[in-house]
Amino acid sequence: MKTACVVLAAGLGKRMNSDLPKVLHRICGIPLLQSVLNSVDGVKPDRIVVVAGDHIGKIKENIDSPGVLFAVQPGAKGTGDAVRCALPVIGDFRGDVLILNGDTPLVRPETIKKFLRRHRKDGNELSVLSFKAADPSGYGRIVRDASGEIEAIVEDRDADPVRKRISEVNSGLYAVRRDALALVGEIKLNRSKGEYYLTDLVSQALLKKMKTSAYPVGAEEEFMGVNTREELRRASDILRRRIIAGWTKKGVDFMDAGSVFIHYNVSLGRDTVIYPNVYIEGRTRLGRNSTVYPNVRILDSNIGREVVIKDSTLIENATVGDRASVGPFAHIRPGSQIGREAKVGNFVELKKTVLGAKSKASHLSYLGDAEIGNGVNIGAGTITCNYDGKEKHVTRIGDGVFVGSDSQLVAPVRVGKGAYVGAGSTITQDVPAGALAISRSRQKNIWGWVRKRSKTGTKNTKKKGKE
Ligand code: UD1
Ligand code: CA
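First, a word on what this report is: a plain description of the structure on this page. (Residues numbered from 1 in each chain as written. Chains lettered and ligands numbered in written order. Predicted model: local features only at pLDDT ≥ 70, side-chain atom pairs only at ≥ 80, totals over all residues. Heavy atoms only, no water.)

This part covers the overall build of the protein. Looking only at helices and strands, the protein features eight helices and 41 strands. In terms of overall dimensions, the protein is more spread out than a globule: its C-alpha atoms have a radius of gyration of 32 Å, far above the 23 Å expected for 467 residues. In terms of principal-axis extent, the alpha carbons of the protein reach across some 110 × 60 × 40 Å. Buried residues in the protein amount to 49% of all 467 residues. Within the structure as shown, the protein displays about 23,400 Å² of accessible surface, and the carbon and sulfur contribution to it stands at 49%. (Helix = DSSP H or I, 4+ residues; strand = E, 2+ residues; numbered from the N terminus. Rg over C-alpha atoms; globule rule 2.2 N^0.38 Å. Buried < 20%, exposed > 50% of the residue type's maximum accessible area, 1.4 Å probe, protein only. Areas by Shrake-Rupley, 256 points an atom, 1.4 Å probe, with all protein chains shown as cover.)

This is the structure we're talking about:
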């Protein structure tokens, strides 16, 4: 028995007031549509078809689901029309077609599996996943007959006051036998909205005496449709809590779960501790036993084990080795690699820089386009001058080098293994291994200068006073 999935994503999403297609709005770091696509993985569909409209190019660019097929629906003429447009791409086979809305991002994979099992066990031609809504407004109502069998789905705008009170509503998730799906061609235009409603498939199927049921499986919060920004925020919050609860179960401690954001594709190691107001985004991986102190944002980075990220640090597209320490107030920019047991301290910025194992840049430095070896000490205030106004150049610093405080390394330049750079130097030429380089001018002491100056100083003041 084969299974195909169709995800409807061609709607205009007018209620979002946005230039972005609705299904590309993000929830915990991934597009709404991606979340729906991920949720069907569990039923191992043989084919997934996304129905898209004018924004198809943008949608293809932003979806990371290899093998997904696309169908185009010209002009958003309703959910029924969307499925009709998908028919040629769905193809002919013996089995079931699962239909899902692209704006319902919270459905759990287990719920979809359970629903499909019920549909198959009961030998239905059409099944609708329903749920009891605390506030049913906006949803299609499930109308049942005296014996409790589904009779029709009536959209909110078409429902009379009695039907408006029905709390069982349509989730927008259906299972249809492939051969029964041809019925979408029979759906009539709904005059009140000028659209073809997929929900009319129910009455069409019943007319043809097809076996049809509505199953209330799953929890209400799973079926929340995102039509407005307000709903997007509410759905984001539900997913955010779900993600944090998931990691808590796997052994991560959150000091204040209410203020922490962990994106969908993040992975966290056990015994890691996350302090308040932390954002871990994109595809970040954080190893075991690490600590992330308050006000930190980490994006698309690979952080090792037993790492300490101190307060108010930003790390983007970087790697941090085991037992390293970063921050407070550090900025680790894309392409940076911090080695094992290395230390990056306060007010240090790294850009596309490799800092070797056990190396230290503890205070107030800019290290850009630098290749720094192991066991190097970068003194306070060191700056790599990597930009000549036109191009970027590389600074290479060998293992065991000691760079004295307040030095500038004018790239391209190389400091050989074990060399020393005297504090306050401006290094413009390569330093050989084992050498000491000092480029500051020699100090001169002028004896009694202060006393002399204070005498002349007094005269000057008197003069000024007379003027
Ligand atoms: C729909 C259902 C409603 C259900 C609710 C659940 C219909 C007529 N109504 O209402 O019964 O309770 O979902 O959330 O189906 N889309 C297209 N092409 C179109 C129109 C829509 O692909 O021409 C897509 C949208 O991108 C969206 C999905 O279909 O992902 C649902 O469309 P939407 O307009 O949000 O339907 P609702 O009014 O929420
Ligand atoms: Ca919707």
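Okay, the site of ligand 1 next. The immediate surroundings of ligand 1 are formed by 23 residues, with Gln73, Gly78, Thr79, Glu155 and Asn170 found nearest. The contact in question runs from an oxygen atom of ligand 1 to an N or O atom on the backbone of Gly11, over 2.9 Å. Contact distances for ligand 1 include 3.2 Å between an oxygen atom and a side-chain N or O atom of Asn227. Protein coverage of the free-state accessible area of ligand 1, which is 760 Å², stands at 93%. Within the residue set of the shell around ligand 1, elements represented by two or more residues are helix H3 (79–90) and strand E10 (168–177). (Near = heavy atom within 4 Å. Polar contact = N/O pair within 3.5 Å; in protein donor to acceptor, adjacent residues only side chain to side chain.)

Ranked by size, the top nonpolar core spans 93 residues in total, and within it Leu98 and Ile262 carry the most contacts. Among the elements that make up this core, the one with the highest residue count is helix H7 (residues 229–249) (seven residues). Ignoring sequence-local partners within four residues, the contact set of Leu98 consists of Ala4, Cys5, Val6, Val43, Ile112, Phe115, Leu116, Leu173, Tyr174 and Ala175. (Core = buried A, V, L, I, M, F, W, Y, C linked by side-chain atoms within 4.5 Å. Contact = heavy atoms within 4.5 Å.)

Looking now at the coordination of the calcium ion (ligand 2). Taken together, Asp103 (OD) and Asn227 (OD1) make up the full set of protein donors to the calcium ion (ligand 2), lying 2.3 to 2.4 Å away. In this pair, Asp103 sits in the loop between strand E6 (95–101) and helix H4 (109–121) while Asn227 sits in the loop between strand E13 (212–215) and H7, placing the two residues 124 residues apart along the sequence. Of the two residues, Asp103 and Asn227, neither departs from the other in class, the shared state being buried. (Donors = N, O, S within 2.8 Å, 3.2 Å for Na, K, Ca; no water.)

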